[in-house]
Amino acid sequence: TGPVAAWNTWTHVAATYSPSNGMRLYVNGFQFGSGTGAFDFSTGNTFMYVTLGNSLSGTGACWGGSIQMGQYFGFVDEFRVYARELTSFEVWDLANP
C-alpha cells in the first residue's frame, strides 16, 4: 500500500505488472511497493474485465489480503490500460507532465 491521498488534491496512481517484476505501485511517480515478485500469468483464453469502484461483492478480501470497504468519493480522470509494463521513467512522465 502507498500513502494516504490528501483531500481535494489530484493524485496520480499507477500499478504495473510483468512476469519478471510482478506488481508495482506508484503514487505521483514514486514507487511505493512491489507486492508479488516474479510470477507467470495466463488469461486461460477467457475475457479479462477491469472494474472500477467494485467492492468485491461485499467480501472485502482478495488473493493478496484485505481491501478497505467503503464508497469512493472522488473523480477518476484519464484511466488507461497498457498491453505492457511501463518503465518507472514512463510512469514518472505520466504523473509529472
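Residues numbered from 1 in each chain as written. Predicted model: local features only at pLDDT ≥ 70, side-chain atom pairs only at ≥ 80, totals over all residues. Heavy atoms only, no water.

Chemist: How would you summarise the side chain of Ser18 if you had to cite specific residues and measurements?
Modeler: Within the element layout of this structure, Ser18 appears in strand S1 (residues 13-18). For Ser18, a relative accessible area of 7% puts it in the buried group. Here the side chain of Ser18 touches Asn21 through a polar contact of 2.9 Å, landing on its backbone nitrogen. (Helix = DSSP H or I, 4+ residues; strand = E, 2+ residues; numbered from the N terminus. Buried < 20%, exposed > 50% of the residue type's maximum accessible area, 1.4 Å probe, protein only. Polar contact = N/O pair within 3.5 Å; in protein donor to acceptor, adjacent residues only side chain to side chain.)

Chemist: I'd like a description of the side chain of His12, backed by residues and values.
Modeler: As for its placement among the helices and strands, His12 is situated in the segment before S1. Look at His12 and you get buried, because its relative accessible area is 14%. Beyond its immediate chain neighbours, meaning those up to four positions away, His12 contacts Tyr26, Val27, Asn28, Val91, Leu94 and Ala95. (Contact = heavy atoms within 4.5 Å.)

Chemist: How would you explain the pairing of S1 if you had to name every residue and give the values?
Modeler: Where burial is concerned, the two faces of S1 differ: the one with Ala14, Thr16 and Ser18 is buried and the one with Val13, Ala15 and Tyr17 is not. Both S1 and strand S2 (residues 22-27) contribute to a ladder of 6 bridges, which runs antiparallel. What sits directly across from Ser18, in S2, is Gly22. From the end of S1 to the start of S2, which pair antiparallel, there are 3 residues. (Pairing = 2+ DSSP bridges.)

Chemist: Tell me about the environment of Asp93, and please be specific about residues and values.
Modeler: Tracing the backbone shows Asp93 in helix H1 (residues 88-95). Separated by 64 residues in the primary sequence, Asp93 and Gly29 have C-alpha atoms spaced 7.5 Å apart.

Chemist: Mind laying out the pattern of salt bridges, listing which residues take part and the relevant values?
Modeler: All chains considered together, the criterion is met by 2 salt bridges. Across the pair Arg80 and Glu78 runs a salt bridge, and its minimum N-O distance is 3.1 Å. The partly exposed category is assigned to Arg80, whose relative accessible area is 46%. For Glu90, the salt bridge goes to Arg84, with nearest N and O atoms at 2.9 Å. (Salt bridge = Lys/Arg side-chain N within 4 Å of Asp/Glu carboxyl O.)

Chemist: Tell me about the packing of aromatic side chains, residues and numbers included.
Modeler: Evaluated as defined, the whole model comprises 1 aromatic pair. Ring centres of Phe30 and Trp92 lie 5.2 Å apart, and the angle between their planes is 75°; this geometry places the pair in the edge-to-face category. Residue Phe30 is found in strand S3 (residues 30-34), and its partner Trp92 is found in helix H1; the two are separated by 62 residues along the sequence. Residue classification places Phe30 among the partly exposed residues on the basis of a relative accessible area of 48%. Judged by its relative accessible area of 35%, Trp92 is partly exposed. (Phe/Tyr/Trp six-rings, centres within 6.5 Å; stacked < 30°, edge-to-face > 60°.)

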